[in-house]
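Descriptive structure summary
Given next are the chains, with one letter for each unit.
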Amino acid sequence: MGDILIVDDERDIRELISDILKDEGYTTRLAGNSDECMAQIAAELPSLMILDIWLKDSQMDGIDILKATKRDHPGIPIIIISGHGNVEIAVAAIKQGAYDFIEKPFNIDQLTVVIGRAMETSRLRRENTELKRRDGTVAEMIGSSAAFKSLKSQLDKVTKSNGRVMLSGPAGSGKEVAARYIHANSNRADAPFVTVSSATIEPERMEDVLFGREGSDRGIEPGLLEQADGGVLFFDEVADMPPGTQSKILRVLVEQSFTRVGGSEKIKVDIRVISSTNRDLAAEIKLGRFRQELFHRLSVVPIAVPSLDERREDIPELAHHFIAGFNKSQGLPLRSLSEEAVALLQTMLWPGNVRQLKNVMERVLILGSDKGEITAAELPGTEGPSDEEGRVVLSGSLATLPLREARELFEREYLLTQINRFGGNISRTASFVGMERSALHRKLKSLNVVTSVKQGSRIAHIEDVET
């Protein structure tokens, strides 16, 4: 059921407690002084400790042992027992992290009930922590475009190191997925991956959340830094971190240690830090909103995560991946995409990037048919009645232009969209639009449309013409 360490300077009492607990199905270890106690903890962590406050012939008393154990192993529940107990000692013990306080001579039934509750509470906390660590741990990288391959190549190079990585890119582009991919393929894969949501944590609570707190009525409350010990701490949107916290995090990165809020003991941690941002941190530094020293500490290896617009070739693969995922997790219909739907998805605007695409696919599956292909008409922005089949509704700006200007504007935007849809591949674009490749090149030149490589992917854009 569990391994319990019993620490008491009276041999009869520790053996009596041991015999009772063995009858209840527990395994026990015994210690008569602080040296024996610390040696037992060093040899193997117990599931629970029963600790006497007053220990004769010991360098440390029960409170000292309690503080040291909770500092280094906050997950071990500790029950304090004492024949000299009073309210002040009980309060001090609880504040230092003890689960409960029982005064000698104790009632056996009371002791076993408290032990059972402490073990159950500890188990639930471990399970809750593990669930949080596993939450959203899918680190599957989906794509085959040049921009995606370039990104994955950079991520693969940093997985086996402990270097700090700064992932930059627009919101929804998949920065956390990239961070989880690094963690899942590193030598820390079996250790925690803990996310710090800099934008959602209230500034006045940031230090409690990160560093933990001690001395409160709830005893010691470990923070995210302790939870991430041995693993990865991911600062999501680090530019939103309060300035006061930035300086303290800088100190943690330098010293690999910190002090809990309300505490005085230094807590050592071994963590790898990965950060993300959708802002220009150089601009934030100039505006005095982000510490330059912290930027240099966090951005040892900067990696840019491309927007969905820069990897339109991946949209069909991503969409099918999301459809399969919703079918597995929610039981939504497993539908395919029509060619028209694929073409429309690849030409739509995606300001919300991959996250927006995922939301769109979920919406279509929930509101659409239970079977058959997903059609272009089911996608957002294509709904609404049509008076005559085959008609196209002009935008207000296009409808106000003369024919020649409207045609030129349409051709430019149409060809820009198609080239980017095919990842800058002129041959595939020419085949789809029904033009000879040489004719397409001439048309692009007349429209001032050029292509260039950005983050490993060829992107079409309008050439800047000097006047």
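First things first, this report covers the structure right here in the doc. Note that the structure is predicted; figures quoted are calculated from it, not measured.

**Focus on the overall build of the chain**
Counting its regular elements, the chain contains 19 helices and 16 strands. Per-residue burial for the chain yields a buried fraction of 44% across its 467 residues. Sequence-distant contacts, at least 24 apart, represent 69% of the contacts inside the chain between residues at least 6 apart. Accessible area for the chain stands at about 24,500 Å²; split by element, carbon and sulfur atoms hold 49% of it.

**Some details on the packing of helix 2 (residues 34–43) against helix 3 (residues 62–72)**
Where helix 2 contacts helix 3, the two axes come as close as 11 Å, and the packing angle between them is 15 degrees. Taken together, the axes of helix 2 and helix 3 lie roughly parallel to each other. Between helix 2 and helix 3 the crossing geometry is right-handed. Of the residues in helix 3, those in contact with Ser34, Cys37, Met38 and Ile41 of helix 2 are Ile65, Ala68 and Thr69. Of the residues assigned to the contact of helix 2 with helix 3, the class counts are five nonpolar, two polar and no charged.

**Here we look at the pairing of strand 6 (residues 165–168)**
Along a regular strand, successive side chains alternate from one face of the sheet to the other. Judged from the four bridges that link them, strand 6 and strand 13 (residues 272–277) form a sheet pairing that is parallel. Within the sheet, the bridge partner assigned to Val165 lies in strand 13 and is Ile274. Note: strand 6 against strand 14 (residues 301–304), four bridges, orientation parallel. Along strand 14, the bridge assignment pairs Val165 with Val301.

**A look at the sheet that holds strand 3 (residues 48–52)**
Read across the open sheet, the five strands follow the order 2-1-3-4-5; overall the sheet is parallel. Of all strands in the sheet, those with a lone pairing partner are strand 2 (27–31) and strand 5 (100–103), marking the two edges. Within the sheet, the average angular offset between the axes of one strand and its neighbour, ignoring direction, is 20 degrees. Note: strand 1 (residues 3–7) against strand 3, four bridges, orientation parallel. From the neighbouring strand, Ile6 faces strand 3, where its bridge partner is Ile50. Across the face of the sheet, helix 1 (residues 11–23) comes into contact with strand 1, strand 2, strand 3 and strand 4 (78–82) while running at roughly 170 degrees to strand 2.

**Comments concerning the pattern of salt bridges**
Inspection of the entire model under this criterion finds 20 salt bridges. Among the ionic pairs, Glu255 bridges to Lys266, the shortest N-O distance being 3.3 Å. Here the residue Glu255 occupies a position in helix 10 (residues 243–255), and Lys266 occupies one in strand 12 (residues 266–268), the gap between them amounting to eleven residues. When its relative accessible area of 34% is taken as the criterion, Glu255 is described as partly exposed. A network of salt bridges, in which partner residues are shared, links Asp240, Arg279, Glu284 and Arg289.

**Comments concerning the packing of aromatic side chains**
Aromatic rings in a pair are described by how distant their centres are and how their planes are angled relative to each other. Summed over the entire model, instances satisfying the criterion amount to four aromatic pairs. A centroid spacing of 5.7 Å and a plane angle of 55 degrees characterise the contact between Phe422 and Phe432, whose relative ring orientation is tilted. One end of the pair, Phe422, is in the loop between helix 17 (403–421) and helix 18 (426–433); the other, Phe432, is in helix 18, and ten residues separate them in sequence. The class for Phe432 is partly exposed, based on a relative accessible area of 41%. The positively charged end of Arg421 is found above the aromatic ring belonging to Phe432, 4.4 Å away from the centroid.

**A word on unusual backbone geometry**
Phi is positive for Glu237, which is not a glycine, with a value near 55 degrees. With respect to the helices, strands and loops of the structure, Glu237 is situated in the loop between strand 10 (232–236) and helix 10. Overall, Glu237 belongs to the buried group, its relative accessible area being 12%. Phi at Gln256 is positive, roughly 55 degrees, even though this residue is not glycine. Summarising the element assignment, Gln256 is placed in the loop between helix 10 and strand 11 (257–259).

**Side note on the sheet that holds strand 13**
Note on sheets: strands pair through backbone hydrogen bonds, and any given pair is parallel or antiparallel. What the five strands build is an open sheet, ordered 7-10-13-6-14; its pairing is parallel. The open sheet terminates on both sides in strands that have one partner only, identified here as strand 7 (193–197) and strand 14. Along the sheet, successive strands turn relative to each other by an average axial angle of 20 degrees, direction set aside. Running over the sheet, helix 6 (residues 146–158) touches strand 6, strand 13 and strand 14 and is turned about 155 degrees from strand 14. Against the sheet, helix 7 (residues 175–184) makes contact with strand 6, strand 7, strand 10 and strand 13, and its axis sits at roughly 155 degrees relative to strand 7, the strand it touches most.

Calculation criteria
- Residues numbered from 1 in each chain as written.
- Predicted model: local features only at pLDDT ≥ 70, side-chain atom pairs only at ≥ 80, totals over all residues.
- Heavy atoms only, no water.
- Helix = DSSP H or I, 4+ residues; strand = E, 2+ residues; numbered from the N terminus.
- Buried < 20%, exposed > 50% of the residue type's maximum accessible area, 1.4 Å probe, protein only.
- Contact = heavy atoms within 4.5 Å.
- Areas by Shrake-Rupley, 256 points an atom, 1.4 Å probe, with all protein chains shown as cover.
- Axes fitted to C-alpha atoms, helices over the stretch in contact; angles between N-to-C directions.
- Parallel < 35°, antiparallel > 145°, perpendicular 65-115°, else oblique.
- Left-handed = near helix turned anticlockwise from the far one by under 90°.
- Nonpolar A, V, L, I, M, F, W, Y, C, P; charged D, E, K, R; others polar.
- Pairing = 2+ DSSP bridges.
- Salt bridge = Lys/Arg side-chain N within 4 Å of Asp/Glu carboxyl O.
- Phe/Tyr/Trp six-rings, centres within 6.5 Å; stacked < 30°, edge-to-face > 60°.
- Lys NZ or Arg CZ within 6 Å of the ring centre and 35° of its normal.

In short, geometric facts, not functional conclusions.
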